[in-house]
Structure formats: C-alpha cells, structure tokens
Amino acid sequence: MKVLVPVKRVLDYNVKARVKSDQSGIDLANVKMSMNPFDEISVEQAVKMKESGAASEAIVVSIGPAKAQETIRTGLAMGMDRGIHVTTDEDLEPLAVAKILKAICDEEGPELVILGKQAIDNDYGSTGGMLAALMDWPIGSAANSMEQAGSELTVVKEVDGGLQTVKLQMPAIVTTDLRLNEPRYASLPNIMKAKKKPIDAKTPADYGVDTAPRLKTLKVTEPEARKAGIKVEDAAQLVDKLKNEAGVI
Ligand code: AMP
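Residues numbered from 1 in each chain as written. Predicted model: local features only at pLDDT ≥ 70, side-chain atom pairs only at ≥ 80, totals over all residues. Heavy atoms only, no water.

(A) The nonpolar core, seen in detail. Counting residues in hydrophobic clusters, the biggest one holds 30 residues, and the most contacted among them are Met80, Leu112, Met146 and Leu153. Secondary structure elements with two or more residues in this core: strand S1 (2-6), helix H1 (37-51), strand S4 (57-64), helix H2 (68-78), strand S6 (112-116), strand S7 (139-149), strand S8 (152-159) and strand S10 (172-176). For this core, the element with the highest residue contribution is H1, accounting for five residues. Each residue touching Leu153, except ones within four places of it in the same chain, is listed here: Leu112, Met146, Glu147, Gln148, Val166, Lys167, Leu168, Met170, Ala172 and Val174. If you look at the next biggest cluster of nonpolar residues, it comprises 24 residues, including Ile104, Val113, Met135 and Ile173. (Core = buried A, V, L, I, M, F, W, Y, C linked by side-chain atoms within 4.5 Å. Buried < 20%, exposed > 50% of the residue type's maximum accessible area, 1.4 Å probe, protein only. Helix = DSSP H or I, 4+ residues; strand = E, 2+ residues; numbered from the N terminus. Contact = heavy atoms within 4.5 Å.)

This is the structure:
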C-alpha cells in the first residue's frame, strides 16, 4: 500500500507573526520556516505504517518555493521514501493545491493520503476535504487515532466536546489532529541518508492545473492588544467587579 503525505512549509509555530506595514500579509523575510506541525504528525503516521509493514511506500509531497525542498528533506529524514516537489512561488489556495494533489494521486495511485487538518499559516482547513471531493474518496477528518484492517480504516475523529468513530473503505483521505501521535526527531544518520533519497521536480503546469487565485486578500491585521488586568483585594471585590463592571454574574 502506497501512502502519500502532502506537507506545507510555513512560518515556524514558535515565531511571532509580524504583519507587513502595508497590511498585505505576514512578513516572511528572514524568519524561521518549518514543516506545518499537523504535517509532521501525518509524516509520523505514514512512517509508523511503513515500520509496521502496513505501508509499502511512503511519499512526501510539497507544493511551494525552492526552499520547500528542505521541508521534503525533513520528511525524508523522518523516514519517508521519496519526495515530489511541485515548485511555485505563489502561496496557492486550497483548491489549486487539491487539484495538483488529485493529479499526483491519479499518477501514483496511493490507497491513503494523510494531510494535516489545517496549515497554521492561512488556517484554511480545506485542502483535505476538497481532495476527498475531487477524488470521490471517503475522508476521516481530524483523526485522534486510526487503525487499519485490510482495506478498511477505523478513524476516531476529534469533534466538539468528544470523539466520533467512523469506518471507511480505502482508498481514503485522513486529516490529522494534534493527539494522533508525537512526531519523532530525525537522527543525524537519517538526515545524512535523506540527502540521497530521490525528489521529483515538477511544476503546476506539468499537472495542467490553473493556479489563478480566487480570493483577494483585502487586509491582514494584528489581533487587538489585550487590555491590562487589575489585582483585586479580596473575593468580595472580585464578585462585585464581575457583577457590576463585567456584568457576567
Ligand atoms: P489548509 O487547507 O491550507 O489548511 O491545509 C491543510 C493541509 O493540506 C496541510 O496540512 C497539508 O497537508 C496540505 N497542504 C496545504 N497546502 C499545501 C502545499 N502547498 N503543499 C503541500 N501540502 C499542502
């Protein structure tokens, strides 16, 4: 069974995002970029499936600028077998990404595609669902755990205030949530080995996909700064303020 894992290069989650002065987006000049955290979880899942013998080949794909190759190398160092790099300098919208991934699925024939439930830069949370629709495959989204038996997958999904268990027939799509696993760190020998693993170089045009944007970003703004808090003298004053100032009790 082939497993395909799409990974996106995004602003590192530890870095505080700075909005550009013209409010056109986030300033990415000279800031640390890393693999989207949900995608690290997808890679870990695919590598685990390889180690258990459930998967025969695990392919990592990234659609992005030249430096996205580093993100693919990270996946290869974690244990993926080979990479596909679709080069573009645009930050593509989910539908364009999903169409490219569909073309790759048609070519590679994976039985399982594991995506992150969202990329932490744009927070679209849409690509997995769109790919499932384009492929006409079932999707287990926001997976908290997953188990495979033959061509059947059981996915426990995170839903508001609980868990939902679904069964799906492969080929299928899974999107990963934070509790699915703890991604490994690549060891130095594996980082060295990853340098020799093959990465196919492609472009969106190779897949005949029109990547023209459908959305226009009007402006990006910082969240409103939090107002300073106050210290209360005692519980009675706290109750008084909650009742008479905040109006919450
Ligand atoms: P989004 O719908 O943008 O929140 O992204 C959800 C998931 O789609 C990510 O976690 C990735 O698995 C995949 N994805 C989105 N954009 C890309 C990209 N440019 N290259 C590869 N995978 C992507």
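(B) A look at the site of the ligand. Inspection of the region around the ligand gives 17 residues, with Asp39, Ile63, Ala119, Gly125 and Thr127 positioned closest. A distance of 2.8 Å is found between an oxygen atom of the ligand and a backbone nitrogen or oxygen belonging to Ser126. About the coverage of the ligand: the protein hides 98% of its 480 Å² of free accessible area. Those elements that place two or more of their residues in the shell around the ligand are S4 and S6. Among the elements that line the shell around the ligand, the one with the most residues is S4, at three residues. (Near = heavy atom within 4 Å. Polar contact = N/O pair within 3.5 Å; in protein donor to acceptor, adjacent residues only side chain to side chain. Areas by Shrake-Rupley, 256 points an atom, 1.4 Å probe, with all protein chains shown as cover.)

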